[in-house]
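What follows is the residue order along each chain.
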Amino acid sequence: MSQKTQRVIDLGVNVDHVATLRQARGTDYPDPVECAIIAENAGADSITIHLREDRRHIQDCDLARMQESVNTRVNLEMAVTEEMIQIALATQPADCCLVPEKREELTTEGGLNILNQTQKVKNAVLRLQEAGIRVSLFIDPDLDQLDAAVESGVSVVELHTGTYADSKQHNDVTREFKRIQRAADFGRNLGLTIHAGHGLNYHNVKPIASLIPIVELNIGHSIISRALFVGMQKAVSTMKELMQEGRGA
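Residues numbered from 1 in each chain as written. Predicted model: local features only at pLDDT ≥ 70, side-chain atom pairs only at ≥ 80, totals over all residues. Heavy atoms only, no water.

Draft legend 1. Spatial organisation of the layout of surface pockets. In this structure, the second largest pocket occupies an estimated 340 Å³ of space. V18, L21, P30, I224 and L228 are, among the 15 residues lining the second largest pocket, the residues nearest its centre. Only α2 (16-25), α3 (32-41) and α11 (221-230) provide two or more residues apiece to the lining of the second largest pocket. No other element matches α11, which puts five residues into the lining of the second largest pocket. (1 Å grid on protein atoms, 1.4 Å probe; cavity = no way out; pocket = protein on both sides within 12 Å on 5 of 7 lines; lining within 4 Å. Points joined across faces, edges and corners; volume = space filled by probe spheres on them. Helix = DSSP H or I, 4+ residues; strand = E, 2+ residues; numbered from the N terminus.)

Here it is, written out as structure tokens:
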């Protein structure tokens with residue numbers, strides 16, 4: 001791997017919470033598609049949306065409009081259900097990330113446990129890949145899950161960074177960082193493309209961005225929150241700058 005390649009790290013911006021604000025009042029604004037376009041212009045390399053079973057934020061029409069409007073890549077986060085597989089096959093996003101989903105959760109809690117549903121995940125991956133969609137799995141930084149990801153047939157995984165992000169004590173932060181580092185190295189050695197995300201913000205992103213095996217970070221809540229005060233353009237560009245600083249670029 002060249003030195004130049006090692007320094008490249010992409011930013012995927014999740015715009016779900018723009019839709020959350022819209023749905024709170026049942027209006028047609030703020031528009032997550034408009035937000036996605038601003039994010040792209042500010043340097044976002046992909047746009048992530050999570051179409052949940054309960055449609056609490058992103059709606060089916062948002063996915064269709066996003067596909068028409070985004071110039072980079074649309075990354076559709078989705079549960080491993082027949083409904084979502086059918087939607088993905090019909091809309092053909094560039095990427096699909098299979099995630100765990102519970103109706104009662106505020107946000108995704110932990111990674112997808114591939115080990116207890118290996119065949120189900122494998123079948124979903126195959127169907128999506130046959131349609132030309134790149135598939136990733138959102139998993140905890142666990143070596144057994146990485147082995148299972150390879151067995152499922154994916155080429156990409158997204159490592160869950162939520163425990164790292166939520167840790168308060170220095171020793172806990174260090175332990176979780178090392179866990180992610182080990183998983184990223186292990187996954188790359190298995191031939192996987194490594195992404196990471198969940199809970200990353202302007203204060204904790206640089207150490208994760210410094211991990212060379214990780215080629216993309218997916219970040220939403222902290223960027224949308226910062227945008228309330230400085231605007232979306234600045235929120236995205238500042239995050240990207242911090243990532244590049246962490247990378248040493």
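Once the structure has been displayed, the description carries forward.
Draft legend 2. Representation of the side chain of D16 within the structure. With respect to the helices and strands, D16 occurs in helix α2. Look at D16: it is buried, it has no salt bridge, and the nearest opposite charge is R52 at 6.1 Å. Setting aside anything within four residues of it in sequence, one finds D16 in contact with T48, I49, H50, H57 and I58. (Buried < 20%, exposed > 50% of the residue type's maximum accessible area, 1.4 Å probe, protein only. Lys, Arg positive; Asp, Glu negative; His and termini not counted. Salt bridge = Lys/Arg side-chain N within 4 Å of Asp/Glu carboxyl O. Contact = heavy atoms within 4.5 Å.)

Draft legend 3. Local environment of the packing of aromatic side chains. All told, the structure shown has one aromatic pair when counted by the stated rule. Aromatic side chains Y164 and F177 sit 6.4 Å apart centroid to centroid with 50° between the ring planes, which places their arrangement in the tilted category. Here the residue Y164 occupies a position in helix α8 (residues 162-166), and F177 occupies one in helix α9 (residues 170-189), the gap between them amounting to 13 residues. Note that R226 overlies the ring of Y202, its terminal NZ or CZ placed 3.9 Å from the centroid. (Phe/Tyr/Trp six-rings, centres within 6.5 Å; stacked < 30°, edge-to-face > 60°. Lys NZ or Arg CZ within 6 Å of the ring centre and 35° of its normal.)

Draft legend 4. Spatial organisation of the environment of V154. Along the polypeptide, V154 turns up in the loop between α7 (143-152) and β6 (156-160). Put simply, V154 and L137 are 17 residues apart on the chain and 7.5 Å apart in space, counted from C-alpha to C-alpha. Setting aside chain neighbours within four positions, we find V154 in contact with V125, Q129, V135, L137, A149 and L192.

Draft legend 5. Summary view of the pattern of salt bridges. If you walk through the whole model with that rule in mind, you get 16 salt bridges. Here D60 makes a salt bridge to R55, at a shortest N to O gap of 2.7 Å. Accessibility expressed as a relative area gives 16% for R55, which makes it buried. Among the salt bridges present, the one from E216 reaches R73, with a minimum N-O distance of 2.5 Å. Within this pair, whereas E216 is found in strand β8 (residues 214-219), its partner R73 is found in the loop between α4 (60-69) and β3 (74-78), the two being separated by 143 residues in sequence. Across the pair, exposure class does not vary: E216 and R73 are buried alike.

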